[in-house]
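Architecture at a glance
Listed here are the chains, written in short residue letters.
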Amino acid sequence: MTTDRHARRNAQPNIVLILADDMGWGDLGCYGASAISTPRMDAVASAGVRFTDAHSSSAVCSPSRYSILTGRYAWRSPMKQHVLHSYAPAIIETSRPTIASELQASGYSTGVFGKWHLGLDWTRTDGTRVTAFGEQADLDILDRPDQYPVEDIDHAQPFAGGPCDLGFDRFFGIAGSLNMPPSAFLSQDRTVGVPTLPRDIYMAGQNPGLKVDGWRDDEADLRFTSEAVDWMKECAGEEEPFFLFLSTAAPHRPCVPPARFHGLSQAGMRGDAVCLVDWMVGEIDDTLAELGIADDTIVIITSDNGAPMIFPEDGDTDHHRPNGPYRGQKGDIWDGGHREPLIVRWPAGLEAGLVRDDLICLSDLYPTILAAAGLSPSSGAAEDAVDIFARLDSSDPRPRGLPVVHHSMGGAFALRIDQYKVNFCTESGRGFSAQIRDDGGANRAIFSASSREDGTVYDAKHPIGRIYDIDTDPQETTDLWDQRPDLAAQAHRMLCEITAGADSGFPCGIGPSVAR
């Protein structure tokens, strides 16, 4: 590192975290995509550091987002598997430190724009609030189409437990994914307008509910971007640095990018939605340049989980492999479910053009971002995260120090130890690969009884799993469980130590057996 860069690195930088929704490892040009053009993200990668072995803590969105903001695994929270429905209560306690609250306490302006999906304590029509904690806790929080108590929610009243109670000065976004109600923007602690009209249902997988008059799904990400840009410009006039968290709705279903993005990729409408994300990155990057603060701003680009491969809008997944060479897809315990693109650029503090294969969990962003700002996590916070700041401009690989715990949509566990991955299930772990592909015809319900055979999840009746050498077997096809009972026992012991004291659902009292 040059002396000038070392000196400038001591100042508190602005921080921009861009989190895409369902963008796979193989969706970016810099990760090998040829069917999708991503010039703006590729440019950030060429000017920064690109990681090839980074993982979300879960193969689905709510739990992985929880881990990014808190530095801890989501199975420590009230949510043990799957994702939240959009009227579920907040699963982050307002007393718990987050990246935003730590930065805010140090003088940062903090803003989040886009998808939230970590629950909100909505006001009911009887004046009470939904909650995930205490004696009145509502633990029926997982997503399913018949879950939304629309008639019980008073949309004219503010909600609690949202971003502004967790360290963000500014929030503009939506409650959950774009396929979930309500179809309304949220600003600070309430909806923008009161949703009273039935939502438009134009594809399988969209959940019924209410919308505000004039709502359009295809305009959501455009609005998030414009709001984020305006907020950045406001912050640039202040002396304090800012933390921007831009959480895109794309390329998650329903994959409805604006018309100008149609046909930009050769990977279906989902590929076109990745092009929309790339445009959003460009808008943010152009604003940083316009404001003259690009050199002193850390830009981080990643995704919350792997890409799905079962929907009509996913295109030909033999032609374009959205999760690269890795087996599986969104929801799966296989690497395709949670191996993510991760790009970090900081002209004032990092060398350009580095590619690292260090094992990373996205929960590590919590202490790493704080370290870049000259801060440390509060006592007891971010217990499942490791500060990787020192690695960002080093050419030498360094061990993480802690194994990474993987978690599937169905609640199955895996443990990554160096190049070995120990799956405590025999197939996807009840992920998307267990589901019938939605062809727009008969098989329209993804989470239904009509699912493929998906092996077993580790329990008293099935104390078996799979072991793979990810370095030599990225497709996870050569099982080493029977050959390496020592590694199975070690991983079980380590996972029991990590989950100790948490209601994780992992059967620590059941030792591993051989597969046959």
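Residues numbered from 1 in each chain as written. Predicted model: local features only at pLDDT ≥ 70, side-chain atom pairs only at ≥ 80, totals over all residues. Heavy atoms only, no water.

Digging into the overall build of the protein
- Looking only at helices and strands, one finds eight helices and 17 strands in the protein.
- In terms of C-alpha radius of gyration, the protein reaches 22 Å, essentially the compact-globule figure of 24 Å for 516 residues.
- The principal-axis extent of the C-alpha atoms belonging to the protein is close to 65 × 60 × 50 Å.
- Per-residue burial over the protein gives 61% buried out of 516 residues.
- Long-range pairs, those at least 24 residues apart, make up 74% of the contacts in the protein between residues at least 6 apart in sequence.
- As displayed, the protein offers around 18400 Å² of accessible surface, 48% of which is attributable to carbon and sulfur atoms. (Helix = DSSP H or I, 4+ residues; strand = E, 2+ residues; numbered from the N terminus. Rg over C-alpha atoms; globule rule 2.2 N^0.38 Å. Buried < 20%, exposed > 50% of the residue type's maximum accessible area, 1.4 Å probe, protein only. Contact = heavy atoms within 4.5 Å. Areas by Shrake-Rupley, 256 points an atom, 1.4 Å probe, with all protein chains shown as cover.)

Observations regarding the sheet that holds strand E16 (residues 420-423)
- Strand order across the open sheet formed by four strands is E14-E15-E16-E17, with antiparallel pairing between neighbours. At either end of the open sheet lies a strand with only one pairing partner, and these are strand E14 (404-407) and strand E17 (466-469). Sheet twist, expressed as the average angle between the axes of neighbouring strands with direction ignored, equals 20°.
- Alignment of E14 against strand E15 (residues 413-417), held across four bridges, turns out to be antiparallel. Bridged to Val404 within E15 is Arg416.
- Relative to E15, helix H8 (residues 485-499) is tilted by about 110°, and along the sheet it contacts E14, E15, E16 and E17. (Pairing = 2+ DSSP bridges. Axes fitted to C-alpha atoms, helices over the stretch in contact; angles between N-to-C directions.)

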